[in-house]
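Below are the chains, spelled out letter by letter.
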Amino acid sequence: MSIASLTDALQWAERRNCAVGAFNVWNWESAMAIIEGAEEEGVPVIAMVYAGVLERMGLEESVSFLRAAAQKAAVPVVIHLDHSSDEHKAIQCAAAGFSSVMYDGSQLPFDENLDKTKELVEKASILDCDVEGELGQVGSAATDDYFDPAAMTVPGDAAEFAARSGVTALAVAIGNAHGLYREEPHLDFPRLEEIRNRSGVPLVLHGGTGIPDRDIRRAIALGVRKINVGTEIVLAMQRAFAEQMRGSPDGWNFLEASTAARKEVKTVVRNRISLFAMK
Ligand code: 13P
């Protein structure tokens, strides 16, 4: 198949009333496992690189590797930049060949977030690149109070933000957070429904690790079209490496461990995809 746009992947999800899985790439094994998992499930997928990971892997190195892998894939693959709060970096990524970039201006006042996101949408569209914005603050499950309504997306603001910025998708804060939840999250579904009704834009649910399946299904029914999963991917690799390397004092099990990690991530990806695709 080929490298896909975020717009096309979200339209696919909209037609089927489901969500596209967006998985964080941490290294080569995880990237390959994400694509293979999607191929085995036969659905589009979003391989996303967090801005901090991109810095370590290098922009050109990451893009050429991901584009080569996506071009060979049997399903559409969106190459996405996750959580960039630097609009210049985001444009560099768009120019380098990312299909979409997320601009995270959620820490900024509303007007500033809107202005910067809108400017990025205009510049990125010239490069054929879509933009995801964020409104409300999706913080860390380890440290932030994800039940705090003050951090959540305000539906009226979301409608204005979506209409004026022109984003392809909007990440919302409805009681979700990144990382391992200290207590089971309770998503604010009435808020989600109002955001969807008033904004009409495809919505993104960050912090997918640890959200119960029933809540994932309900969020999809209320208009979530992209679901981000990161921590689960890295935990899968940790499990596999810990197990394989334990019996390898000289470290030579590293290749077996890498293969096991790839397999473990693929299993996670397939399970999540089959839930998100409402199969
Ligand atoms: P988790 O790490 O909690 O799954 O969240 C990932 C994410 O939202 C990336 O943007």
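See the structure shown above.
Please read all numbers here as calculations on a predicted model, not as lab measurements. (Residues numbered from 1 in each chain as written. Predicted model: local features only at pLDDT ≥ 70, side-chain atom pairs only at ≥ 80, totals over all residues. Heavy atoms only, no water.)

Asker: Sorry, what's going on with the pairing of strand β5 (residues 130-135) here?
Answerer: Working note: regular strand, side chains alternate between the two faces of the sheet. A large share of β5 lies buried, amounting to 6 of its 6 residues. Every second residue of β5 is oriented toward a common face, with D130, E132 and E134 on one face and V131, G133 and L135 on the other, all of them buried. Summarising the sheet, strand β4 (residues 100-103) and β5 pair through 3 bridges and their orientation is parallel. Residue pairing in the sheet places V101 in a bridge with V131 of β5. (Buried < 20%, exposed > 50% of the residue type's maximum accessible area, 1.4 Å probe, protein only. Helix = DSSP H or I, 4+ residues; strand = E, 2+ residues; numbered from the N terminus. Pairing = 2+ DSSP bridges.)

Asker: Please clarify how the nonpolar core should be interpreted in this entry.
Answerer: Judged by nonpolar contacts, the single largest core of 92 residues is most densely connected at F23, F98, V101, L192 and L205. In terms of residue count, the dominant contributor to this core is helix α11 (residues 254-276) (8 residues). Here F98 is in contact with V49, L54, L59, V63, I79, H80, L81, C93 and C129, once residues within four sequence places are set aside. (Core = buried A, V, L, I, M, F, W, Y, C linked by side-chain atoms within 4.5 Å. Contact = heavy atoms within 4.5 Å.)

Asker: What is the right way to read the environment of V234 from this model?
Answerer: By the element assignment, V234 lies in helix α10 (residues 231-246). V234 sits 156 residues away from V78 along the chain, and the two C-alpha atoms are 20 Å apart.

Asker: Help me understand unusual backbone geometry in this model?
Answerer: For residues that are not glycine, phi is negative in most cases, and the peptide bond is trans in most cases. Of note in the backbone geometry, N17 takes a positive phi value of approximately 55° without being a glycine. You can see N17 is positioned in the loop between α1 (6-16) and β1 (20-24). One non-glycine residue, H83, lies in positive phi territory at about 50°. Structurally, H83 is set in strand β3 (residues 77-84).

Asker: Explanation requested: the packing of aromatic side chains in the structure shown.
Answerer: Two numbers describe a pair of aromatic rings. These are the distance of the centres and the angle of the planes. The tally for this structure, following the rule as stated, stands at 5 aromatic pairs. Ring geometry for W28 versus F65: centroids 6.4 Å apart, planes at 35°, classification tilted. Placement of the pair is W28 in helix α2 (residues 28-41) and F65 in helix α4 (residues 59-72), with a sequence separation of 37 residues. Where Y146 meets F147, the ring centres are 4.9 Å apart and the plane angle is 45°; that geometry is what we call tilted. With a relative accessible area of 7%, Y146 lands in the buried category. Classification of F147 by relative accessible area gives partly exposed; the value is 30%. Linked through ring pairs, Y146, F147 and Y181 together constitute an aromatic cluster. (Phe/Tyr/Trp six-rings, centres within 6.5 Å; stacked < 30°, edge-to-face > 60°.)

Asker: Which parts of the structure should I look at to understand the pattern of salt bridges?
Answerer: Close approach of charged atoms lets side chains of opposite charge pair. Scanning the model with the defined rule gives 18 salt bridges in all. The residue E87 makes a salt bridge to K116 at a minimum N-O spacing of 3.4 Å. Of this pair, E87 sits in helix α5 (residues 87-96) while K116 sits in helix α6 (residues 110-126), and the two are 29 residues apart along the sequence. Three or more residues are tied together by salt bridges with common partners; here these are E40, E41, K266 and R270. (Salt bridge = Lys/Arg side-chain N within 4 Å of Asp/Glu carboxyl O.)

Asker: Can you help me understand the packing of helix α9 (residues 213-221) against α11 in this one?
Answerer: Helices that pack against each other are described as a pair by the angle of their axes relative to one another and the distance between those axes. Put simply, α9 and α11 touch, their axes get as near as 10 Å, and they point 45° apart. Put simply, α9 runs oblique to α11. From α9, D213, I216, R217 and I220 reach across to α11, where they touch R272, L275 and F276. Here the residues of the contact of α9 with α11 are counted per class, giving 4 nonpolar, no polar and 3 charged. (Axes fitted to C-alpha atoms, helices over the stretch in contact; angles between N-to-C directions. Parallel < 35°, antiparallel > 145°, perpendicular 65-115°, else oblique. Nonpolar A, V, L, I, M, F, W, Y, C, P; charged D, E, K, R; others polar.)

Asker: I keep staring at the side chain of D82 and nothing clicks. Help me out?
Answerer: Secondary-structure assignment places D82 in strand β3. One buried charged residue, D82, remains without a salt bridge, the closest side chain of opposite sign being K226 at 5.3 Å. Ignoring any residue separated from it by four or fewer positions in sequence, one finds D82 in contact with N24, M48, V49, Y50, A51, M102, H206 and N228. (Lys, Arg positive; Asp, Glu negative; His and termini not counted.)

Asker: Can you help me understand the pairing of strand β8 (residues 224-229) in this one?
Answerer: In terms of burial, β8 is a largely internal element, 6 of the 6 residues being buried. Pairing geometry for strand β7 (residues 203-205) and β8, over 3 bridges, is parallel. If you follow V204 over to β8, its bridge partner there is K226. Between the parallel pair β7 and β8, the chain is carried across by α9, and the sense of this crossover is right-handed. (Right-handed = clockwise from strand over helix to strand, strands pointing away.)

Asker: Before we go on, may I ask you to explain the site of the ligand in this structure?
Answerer: Neighbouring the ligand are 15 residues; D82, G179, G207, T209 and T231 lie closest to it. Between the ligand and H83 there is a distance of 3.3 Å, counted from an oxygen atom to a side-chain nitrogen or oxygen. At 2.6 Å, a side-chain N or O of T231 approaches an oxygen atom of the ligand. For the ligand, whose unbound accessible area comes to 310 Å², protein coverage reaches 95%. Here the ligand is seated within the largest pocket. Those elements that place two or more of their residues in the shell around the ligand are β3 and β8. Across the shell around the ligand, the residue classes tally to 3 nonpolar, 11 polar and 1 charged. (Near = heavy atom within 4 Å. Polar contact = N/O pair within 3.5 Å; in protein donor to acceptor, adjacent residues only side chain to side chain. Areas by Shrake-Rupley, 256 points an atom, 1.4 Å probe, with all protein chains shown as cover. 1 Å grid on protein atoms, 1.4 Å probe; cavity = no way out; pocket = protein on both sides within 12 Å on 5 of 7 lines; lining within 4 Å. Sits in = over half its atoms within 2 Å of the grid points.)

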